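Residue-level structure breakdown
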Amino acid sequence: MVRQGNDPITIIKEVRLNRKINILAGVAMAAAIVAVGIPSAQAQQARDQVQIAGSSTVLPFSNVVAEQFGRTMRQFKTPIVASGGTGGGFREFCRGIGAQFIDIANASRPITRAELDSCKANGVNDIQEVRFGYDGIVFASHISGAQIAFTTRQLYLGIAERVPQNGQLVANPYTRWNQIDPSLPNVEIAAFIPGEKHGTREVFEERVMASGCRDFPEIQAIPAGAERTAACIRVRKDGRSNDIDGDYTETLARIERNRTAIGVFGLSFYDQNKDKIRVATVNGIVPTVEAIANGTYPVSRPLFFYVKKQHIGVIPGLKEYVEFFLSERMIGPDGMVTDKGLIPGPDAERAKWRETFGQGSTLGS
Amino acid sequence: MTDATADTPPAGPLNSSDYAQRLKKRHDAEWRFRAYGLGAIFIGLAFLVTLLYTIVSEGAPAFLQSEIRLEVTFDKAEIDPSGSGNIDDIMKADYAAMVRRALRDQLGNVGNDRAARAAAHRLLSSGADLQAREIVLKDRTAIGQKRDIWLIADGDVDSFLKGSISRDTPEDRRRISNQQIAWIEKLQADGRLKARFNTTIFTRGASANPEMAGVGVAALGSFMMLVITVLLALPIGVAAAIYLEEFAPKNRFTDLIEVNINNLAAVPSIVFGILGLAVFINFFGLPRSAPIVGGLVLTLMSLPTIIIATRAALKAVPPSIRDAALGLGASKMQAIFHHVLPLAMPGILTGTILALAHALGETAPLLMIGMVAFVVDYPGGPLDPATALPVQIYMWSNLPERGFIARTSAAIMILLGFLLVMNALAIWLRTKFERRW
């Protein structure tokens, strides 16, 4: 309070004012507490809706299932699917057990040991891993260009930072694809690959770069381990290979600007944009749903989601959602998720996935 | 100038050749500065026009939606076999089969081949059965009758009619087959396939199919968050500003508070999202993806702006008003609440509306609290999951389907519309209540 004077009237006024301000402040505080308190009391009640978060690759598939689930199963609410990436999904998932924590984490890669440990530390002990299909990763160029046939070896030589030459690793000297192999087009090397934060990058490193460099004696001379892996997967930084941190829409925009460049896409994205981009074969295999499902096309990965078993029976519809997801109507060869670009697993595998979930076996048990 | 100087100009700085040069230089400098200013405005305008043109030209088609008019028979044996109007039976009935039968009847020559039938069925949206069910739910007398209804066409059909899927593309690279094009042309010739005003985009929630996706849930979520933000941020912000401006003593402590408020206004919004996750969800246990949490986070975010704007508005009220009130015997509080605050109100409201407009466009803090999500159902209250308009734009922009490209721009237009209304309101309030001294 600013002292305005010490005469009695001012002091009395000030006291009154103080009281009023106190009342005002009290009311404001009470309002704030009520605003926060009421909902928090309600939030203690169980949730009646499945909540999912995680991989942006799995998101569109999860969306289809959630939408259809809400439409078909009238007794359950439509699940909420949040994005945030595989890692972000696991972070939310592992935060704990209870209505304010999510029930399912979508993932485009298996859960890591570290993530599992952090789950355990927060009491999330019973996790069920569910596989539901495959995702194909394709190399595509602008529709105006010619059909390209890559091998993983050529892709490695074009994109790696250092490549084997005459017995040692040297900084990548290639500037045009036909310098690597005359069968490749005579254009500047320009590649748009997924950035480090994408799960797709890991698949690219493992299935393209690591597999393409494997047979060089110079690489085999490096003792197996972190050093050899690094030599294989490190990409060139001279501007010919560009990380895309956004999504495939950005990659497509780059390809449309630079028409001789190649970009990395998901098969489902390619499927929607066949009139704009042309897909390259890898090791002579055209990426089709069949080739990826039976494993002949080399660049593919399984897709997962992880279910908190401790929430089954607590959150209404959780078990039903998973069963609905795994049904033939969704992930079968003519299923609705398959229509969105998921690559279905072989018949026997799908049956096995359903069976595994039904048995309720958890990770690490 | 006087006559004397005109007749015999005195030697000096005003008529030397130096002076003329300097004058010209100064005029040139001024002219250049004007040119720079004009240039800056033109560059800004050019960007704005390009932006608006791109968005409007891409988004405008999304406000029209291809629909197919079909005579659907609402089969009584299927919908309401018991005749009692059992809601479960009505919900469960296979409306997809009914609308598909109607489509095949309309096309005439589909045949019994499984692939051909599937291709024909793909002309209709996978949400067409939902539309048929909604008709029955709204009007039970439809059961057992034949009704002529407009059903939403598939997203690919829509894209084809709007030209974003080209007829010239080879068939194996086109998402619409030649047979389907023939069917589309037949339907058009019969006047059964038309572009109609798209209400779906305003009313429905998220969907995996572009033709069934709308911003309804997102708009409601944004609205709820804004209401919560206004209810909390306005009283708290104004009270804090009045205290700081009028009552607080000037000392180190209040200086510190002031510096912190100014800094908070510049903190990246994602930080508030992280704070919201830690405090409101993990500590208070509020539900994820709920507009209440979003509203609280946006409150935190807009508080500094509102406090700063309010303090500026209070400062702008001339001290004579305050002095006059006090001189006539008003208490300090009376002087503030009866005289200063009403006069500062236009400034406060303008600041608040601009802070809210900023909050309306935020996605980053919402990512952390699970509001960047696929939400199909309308929220029943601020505790139910919802999403927000800018989030919907972000999520649609990531999707590969052709139809979502137009929807993204259309959603941007809707959001811009909201912002325009809010800014117009701010200007109106300012001019209506503005006072000059």
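Given the structure is predicted, the values throughout are model-derived calculations rather than measurements. (Residues numbered from 1 in each chain as written. Chains lettered and ligands numbered in written order. Predicted model: local features only at pLDDT ≥ 70, side-chain atom pairs only at ≥ 80, totals over all residues. Heavy atoms only, no water.)

Once that is clear, we can look at the domain arrangement of chain A. All names here are of chain A. Entries for chain A in the domain assignment read domain 1 (51-134 + 302-359) and domain 2 (136-300). Taken over C-alpha atoms, the centre of domain 1 sits 30 Å from the centre of domain 2. The partner domain 2 presents 9 residues to the 10 residues of domain 1 that form the contact. Between domain 1 and domain 2, the buried area comes to about 770 Å², and carbon and sulfur atoms account for 61% of it. Of all residues in domain 1, R109, Y134 and I343 give up the largest surface area on contact with domain 2, accounting jointly for 45% of the area buried on that side. At the boundary of domain 1 with domain 2, the tally comes to 0 salt bridges. Scanning the region where domain 1 abuts domain 2 turns up 0 residue pairs in polar contact (both at pLDDT 80 or more). (Domains from an automatic or database assignment. Contact = heavy atoms within 4.5 Å. Buried area = accessible area lost by both parts, 1.4 Å probe. Salt bridge = Lys/Arg side-chain N within 4 Å of Asp/Glu carboxyl O. Polar contact = N/O pair within 3.5 Å; in protein donor to acceptor, adjacent residues only side chain to side chain.)

The next point concerns a nonpolar patch on the surface. Residues and elements named next belong to chain B. A cluster of nonpolar residues, L38, I41, F42, L45, L48, L51, L52 and L416, forms a patch on the protein surface that exposes about 740 Å² of accessible area. No other element matches the 7 residues that helix α2 (residues 17-59) contributes to the nonpolar patch. Residue placement: F42 occurs in helix α2. (Patch = residues over 30% accessible without salt bridge, like charges linked within 9 Å, V, L, I, M, F, W, Y side chains within 5 Å. Areas by Shrake-Rupley, 256 points an atom, 1.4 Å probe, with all protein chains shown as cover. Helix = DSSP H or I, 4+ residues; strand = E, 2+ residues; numbered from the N terminus.)

This part covers the domain arrangement of chain B. A common measure of how large an interface is: the accessible area buried when the components associate. Residues and elements named next belong to chain B. By the assigned domains, chain B splits into domain 1 (3-59), domain 2 (64-204) and domain 3 (216-433). Taking only C-alpha atoms, the centre of domain 1 and the centre of domain 3 are 41 Å apart. The interface of domain 1 with domain 3 comprises 5 residues on the first partner and 7 residues on the second. Contact between domain 1 and domain 3 buries roughly 480 Å² in total, counting both sides, with carbon and sulfur atoms accounting for 76%. Looking at the side of domain 1 facing domain 3, the largest losses of area belong to I55, E58 and G59, adding up to 81% of the total buried there. Here the residues of the side of domain 1 that touches domain 3 are counted per class, giving 3 nonpolar, 1 polar and 1 charged. (Nonpolar A, V, L, I, M, F, W, Y, C, P; charged D, E, K, R; others polar.)

Turning next to the packing of aromatic side chains. In the structure shown here, the tally under the stated rule is 22 aromatic pairs over all chains. Between F69(A) and F76(A) the ring centres are 5.8 Å apart and the planes differ by 10°, which places this aromatic pair in the stacked class. Across this residue pair, the class does not change: F69(A) and F76(A) are buried. Both rings, one in F283(B) and one in F284(B), keep their centres 5.2 Å apart while their planes meet at 75°; by these two values the pair is edge-to-face. Looking at F284(B), the relative accessible area reads 31%, which means it is partly exposed. Grouping aromatic residues by their ring pairs yields a cluster made of F69(A), F76(A), F132(A), F305(A), Y321(A), F324(A) and F325(A). The positively charged end of K308(A) is found above the aromatic ring belonging to F93(A), 5.0 Å away from the centroid. (Phe/Tyr/Trp six-rings, centres within 6.5 Å; stacked < 30°, edge-to-face > 60°. Buried < 20%, exposed > 50% of the residue type's maximum accessible area, 1.4 Å probe, protein only. Lys NZ or Arg CZ within 6 Å of the ring centre and 35° of its normal.)

The next thing to look at is the packing of helix α2 (residues 59-72) of chain A against helix α13 (residues 318-325) of chain A. Residue and element names in this part refer to chain A. Contact geometry of α2 with α13 gives a least axis separation of 10 Å together with a crossing angle of 120°. The two elements α2 and α13 meet at a crossing, and its hand is right-handed. Taken together, the residues of α13 that come into contact with α2 (itself represented by S62, V65, A66, Q68, F69 and T72) are E320, Y321, F324 and F325. Taken together, the residues of the contact of α2 with α13 break down into 6 nonpolar, 3 polar and 1 charged. (Axes fitted to C-alpha atoms, helices over the stretch in contact; angles between N-to-C directions. Left-handed = near helix turned anticlockwise from the far one by under 90°.)

So, on to the environment of S268(A). Residues and elements named next belong to chain A. As for its placement among the helices and strands, S268 is situated in helix α11 (residues 267-272). Using a relative accessible area of 17% as the deciding quantity, one classes S268 as buried. Separated by 130 residues in the primary sequence, S268 and V138 have C-alpha atoms spaced 9.6 Å apart. Discounting residues that sit within four places of it in the chain, S268 has contacts with F61, K340 and G341.

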